[in-house]
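Examining the three-dimensional arrangement
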Amino acid sequence: MKVVLQNLTKIFPSRDKKAGKEVVAVNDFTFEIPDGKLIGLLGPSGCGKSTTLYMISGLQKPSSGRIFFGDDDVTELSTENRGIGLVFQNYALYPHMTVKQNILFPLQNLKGADRLSKEEMLTRAYEAAKLVQIDELMERKPSELSGGQQQRVAIARALVKMPRVLLLDEPLSNLDARLRLQTREEIRRIQKETGITTVFVTHDQEEAMSISDMIVVMKLGVVQQIGKPQEVYEDPANLFVAKFLGTPPINVLDGRVQGGKVYIGNDAILEVSGVADQDVIVGIRPEGFELNENGALHCQLSNVEVMGRDVSVVSTNPASQNPFIRSIIDADKRLDLGKQTVSYNVKPHKVFLFHRETEERIRYEVK
Ligand code: ADP
Ligand code: MG
């Protein structure tokens, strides 16, 4: 089931009637979510992810714009009639019910033509439980389950009605690091097995990058960029997107373009064409540095951290906007730790230029 968001906007009135301004939580969001795909809705806290999800679910009514499931305009439809499955950060299971009763619950409320026999309900509940691998735990109470197991019950409960669209709002935030990894892989597997169009909300870029077919990066209610995770990483539209994706994060330096060269301080690090002389912001991915004794960019060496296969070289440069520049280098590359300075050449496709004021990307060609 494809989901179409058409100029979706949500404006909340100010909480403080006198002083406050209204909040544009979601601003003119247009996107067609392809059938059967998992979309990661990504951005910092308060950027409008949950509001977008609640509008898709029907829990919030858009101020303007429309929502379609396939060709059906569902904008005015109630949550119960949209055929969605919802999973929240706090699992919200009924504590006095067993796992089985929790999963059965949505089916017992079906009315009219949708009503199921007891047998059908049980079959469905066990199918959903099997899918998330909790079918052995059906007689337990939520308090007798780990956080990861509870979240799987919540997912089973969302799946049991065979929703047209699955909506997940930060579903892994309450899990510890290991379970988070495991559960996100499980969500991906379940999503692929069922083929249910899914929107997955998270503020964690790594989480979104790892499981999404496409990511939508939001800032202050406005969509910044939509694309396949790797494409967005390799080709960010602006500084915000470049900074939001990647660990370690991109290195950001003040620079300038002059006579077809990109300068950091007095170091000409790259020759470019198609860019007028101007002050710029230079973003360099950690993997975009090459150690070279005669390298163009000179930095003060601070520290070297070995991380298994890779080595992270930590250095400083007066033009850097962050306290440290972090580069990732092959572990077999030698570095003279006795030296005070370190020199790099940069890989052009890992270097992005941004406008000083607008922070939009400035495209260039490598000479
Ligand atoms: P996210 O899920 O990305 O953290 P939200 O969608 O929850 O962000 O919120 C987006 C913005 O809308 C925030 O500024 C938030 O304070 C505001 N907001 C959310 N819900 C309400 C509400 N019910 N009333 C007023 N403002 C709200
Ligand atoms: Mg939220």
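Along every chain, residues carry numbers that run from 1 in the direction the sequence is written. Chains and ligands are labelled by the order in which they are written, letters from A for the one and numbers from 1 for the other. Residue-level local features of this predicted model are given only where pLDDT is at least 70; pairs of side-chain atoms are given and counted only at 80 or more, and the full residue set underlies all totals for whole chains, interfaces and linings. To get the side-chain values, all heavy atoms of the structure are used, and hydrogens and water are removed first.

1. Some points on the pattern of salt bridges
Salt bridge criterion: a side-chain nitrogen from Lys or Arg within 4 Å of a carboxyl oxygen from Asp or Glu. In the structure shown here, the tally under the stated rule is 16 salt bridges. Between Arg188 and Asp213 there is a salt bridge whose closest N-O contact spans 2.7 Å. You can see Arg188 sitting in helix α5 (residues 177-194) and its partner Asp213 sitting in the loop between α6 (205-211) and β9 (214-219), a full 25 residues away along the chain. For Arg188, a relative accessible area of 14% gives the class buried. Burial status follows relative accessibility: with a 1.4 Å probe on protein chains alone, a residue under 20% of its type maximum counts as buried, one over 50% as exposed, and anything between as partly exposed. Looking at Asp213, the relative accessible area reads 21%, which means it is partly exposed. Residue Asp279 is joined to Arg356 by a salt bridge in which the shortest nitrogen-to-oxygen separation is 3.8 Å. Note that Asp279 is positioned in strand β14 (residues 278-284) and Arg356 in the loop between β20 (351-355) and β21 (361-362), a separation of 77 residues in sequence. Under the scheme used here, helices are H or I runs from DSSP no shorter than 4 residues and strands are E runs no shorter than 2 residues, and both carry numbers assigned from the N terminus.

2. Topic: the packing of helix α2 (residues 99-108) against helix α4 (residues 147-159)
Angles here are taken between N-to-C directions and fall from 0 to 180 degrees, while the axes themselves are lines fitted to C-alpha atoms, restricted in helices to the stretch in contact. The contact between α2 and α4 brings their axes to 7 Å, and the two run at 30°. Here α2 lies roughly parallel to α4, going by the angle between them. Once α2 is placed against α4, the crossing between them reads as right-handed. Two secondary-structure elements touch here, α2 through Val99, Asn102, Ile103 and Pro106 and α4 through Val153, Ala156 and Arg157. For the contact of α2 with α4, the residue count by class is five nonpolar, one polar and one charged. For classification purposes, an angle smaller than 35 degrees is called roughly parallel, one larger than 145 roughly antiparallel, one from 65 to 115 roughly perpendicular, and anything else oblique. Helix crossings get a hand from a simple test, with the near helix turned counterclockwise from the far one by less than a right angle marking a left-handed crossing and a clockwise turn marking a right-handed one. Any two residues whose heavy atoms approach within 4.5 Å are treated as being in contact. Residues are grouped as follows: Ala, Val, Leu, Ile, Met, Phe, Trp, Tyr, Cys and Pro are nonpolar; Asp, Glu, Lys and Arg are charged; every other residue, Gly included, is polar.

3. Here we look at the pairing of strand β4 (residues 64-69)
With five bridges connecting them, strand β1 (residues 3-12) and β4 associate as antiparallel partners. Opposite Thr9, over in β4, you have Ser64 as the bridge partner. Any two strands are treated as partners once DSSP identifies two or more bridges connecting them. Of the strand pairs in this sheet, β4 and strand β5 (residues 72-73) are connected by two bridges, and their pairing is antiparallel. Its bridge partner being in β5, Phe69 is matched across the sheet by Asp72.

4. Remarks on the packing of α4 against α5
A packed helix pair is summarised by two numbers, namely the angle formed by the two axes and the spacing between the axes. At a minimum axis distance of 11 Å, the contact between α4 and α5 shows a crossing angle of 20°. In terms of axis orientation, α4 runs roughly parallel to α5. Both α4 and α5 take part in a crossing whose hand is right-handed. Residues Gly148, Arg152, Ile155 and Leu159 of α4 lie in contact with α5, whose contacting residues are Leu179, Gln182, Glu186, Ile187 and Ile190.

5. Notes on the nonpolar core
By convention a nonpolar core is built from buried Ala, Val, Leu, Ile, Met, Phe, Trp, Tyr and Cys residues, the set being connected through side-chain atoms within 4.5 Å. Within the largest apolar cluster, 37 residues are counted, with the highest numbers of intra-cluster contacts made by Val99, Ile103, Val132, Ile134, Val153, Leu159 and Phe200. Those elements giving two or more residues to this core turn out to be α2, α3 (118-131), α4, β7 (165-169) and α5. When residues in this core are grouped by element, the largest group, six residues, is from α4. Dropping the residues within four chain positions of it, Ile134 is found in contact with Val99, Ile103, Ala129, Gln149, Arg152, Val153 and Ala156. Ranked by size, the runner-up nonpolar core spans 28 residues in total, among them Leu253, Val262, Val313 and Val342.

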